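Observations on the model geometry
Here are the chains, one letter per residue:
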Protein chains: 2
Amino acid sequence: MANTQDSLSLTFSALADPTRRAILTRLARSDATVGELGEPFDMSAPAISKHLRVLEGAGLIAREVDARWRICRLRAEPMHDAHDWLEAYRRHWEDNLDRLVEFVEQTHRADAKKPGKGAPRVPRKKP
Amino acid sequence: MANTQDSLSLTFSALADPTRRAILTRLARSDATVGELGEPFDMSAPAISKHLRVLEGAGLIAREVDARWRICRLRAEPMHDAHDWLEAYRRHWEDNLDRLVEFVEQTHRADAKKPGKGAPRVPRKKP
DNA sequence: CTGTCGATTAACCAAGTGGTTAATTGACGA
DNA sequence: TCGTCAATTAACCACTTGGTTAATCGACAG
């Protein structure tokens, strides 16, 4: 389990599992013990432990010992970086939406001419 | 390679690899052939092919055949969902920042009293 | 028809992932 | 001191992942 990945990869990788996302969602409500976190899932305690280790490794949670309980706390900062990375693509998904709308409109008035400005049709070099 | 995962998991999982993120970044500039996409990486063609398959499986790219070239096009829509999911946590990473600032300020004027409103210190039930 | 080029598929491999059960640790309460 | 409870570690398993090389496919140019 020696992970020398960049933090963005660690973050996305940690978020790629539904169980872990659900755990984070639960933690967004309030801190919780490992037992409380695992309770909703039909899964053994060690499995939950491993998920928590992954989340901790990505810096998405912190654990604090309280007697024989481990209190887990959400640390959302790494999500900020992921969010920022995605933000850079906003223009693209909005563009695609625009193009879809445009296409539907065009189709609707049965004006099937001109391919629209769309994505710059890649000019293929054919040697 | 039979994947029956939810699309959010597929998206995050696809984004968890630096090579794939770099490919997406390249595609944000313009469409490109598989060869063009692979050129920056010290990696065999089949390896690139596999990465592209993962991206396609997550709906993050589309491929279109042009003679013997495969033109890859960015499809950013799935990022929108991921972005939205993360957005729900914005409050938390901003809160954490606030708390950090607060902590630093407190420490600075050496006023170590009152624990601050912080995260609601989890009330442990000790039976 | 044949050679070549872009790309994919096939077969393989090492390492990682997500889960299990059994054993271990550490902090109580009786 | 002893039993119990929260949680983790150890050992194991099946499957996936990220990479490799070798072989294949399809579209062209001579």
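This text goes with the structure placed above it.
Before going into details, it helps to say that this report is about the structure given with it. (Residues numbered from 1 in each chain as written. Chains lettered and ligands numbered in written order. Predicted model: local features only at pLDDT ≥ 70, side-chain atom pairs only at ≥ 80, totals over all residues. Heavy atoms only, no water.)

1. Section: the protein's contact with DNA strand C
For the record, the criterion: Nearness is judged by heavy atoms alone; a residue qualifies as near a molecule or strand once a single heavy atom is within 4 Å of it. Within 3.5 Å is the distance limit for a polar contact, defined as a pair of N or O atoms, with the added protein rule that one can donate a hydrogen and the other accept it, and that residues adjacent in sequence qualify only through two side-chain atoms. Counting from the N terminus, the helices are DSSP H or I runs at least four residues long and the strands are E runs at least two residues long. Residue polarity follows a fixed list, in which Ala, Val, Leu, Ile, Met, Phe, Trp, Tyr, Cys and Pro are nonpolar, Asp, Glu, Lys and Arg are charged, and the others, Gly among them, are polar.
Within the structure, DNA strand C sits among 22 residues, and Ser44, Lys50 and His51 of chain A together with Gly35 and Ser49 of chain B are positioned closest to it. Atoms of DNA strand C within 4 Å of the protein: sugar and phosphate make up 64%, bases the balance. His51 of chain A places a side-chain nitrogen or oxygen 2.3 Å from a phosphate oxygen of DNA strand C. Within the side chain of Arg68 of chain B, one N or O atom sits 3.0 Å away from a base oxygen of DNA strand C. Of all elements in the fold, only α4 (45–57) of chain A together with α3 (34–38), α4 (45–57) and β3 (69–74) of chain B reach the threshold of two or more residues within the surface near DNA strand C. Of the residues forming the surface near DNA strand C, the biggest block, 5 residues, is contributed by α4 of chain B. Residues of the surface near DNA strand C, tallied by class, amount to 8 nonpolar, 5 polar and 9 charged.

2. Focus: the protein's contact with DNA strand D
Close to DNA strand D lie 22 residues, the nearest being Gly35 and Ser49 of chain A together with Ser44, Lys50 and His51 of chain B. Residue Ser49 of chain A places a side-chain N or O atom 2.4 Å away from a phosphate oxygen belonging to DNA strand D. Those elements that provide at least two residues to the surface near DNA strand D are α3 (34–38), α4 and β3 (69–74) of chain A together with α4 of chain B. When residues in the surface near DNA strand D are grouped by element, the largest group, 5 residues, is from α4 of chain A.

3. Examining unusual backbone geometry
Look at Ala67 of chain A: it is not a glycine, yet its phi comes out positive at around 55°. Note on placement: Ala67 of chain A falls in the loop between β2 (61–66) and β3.

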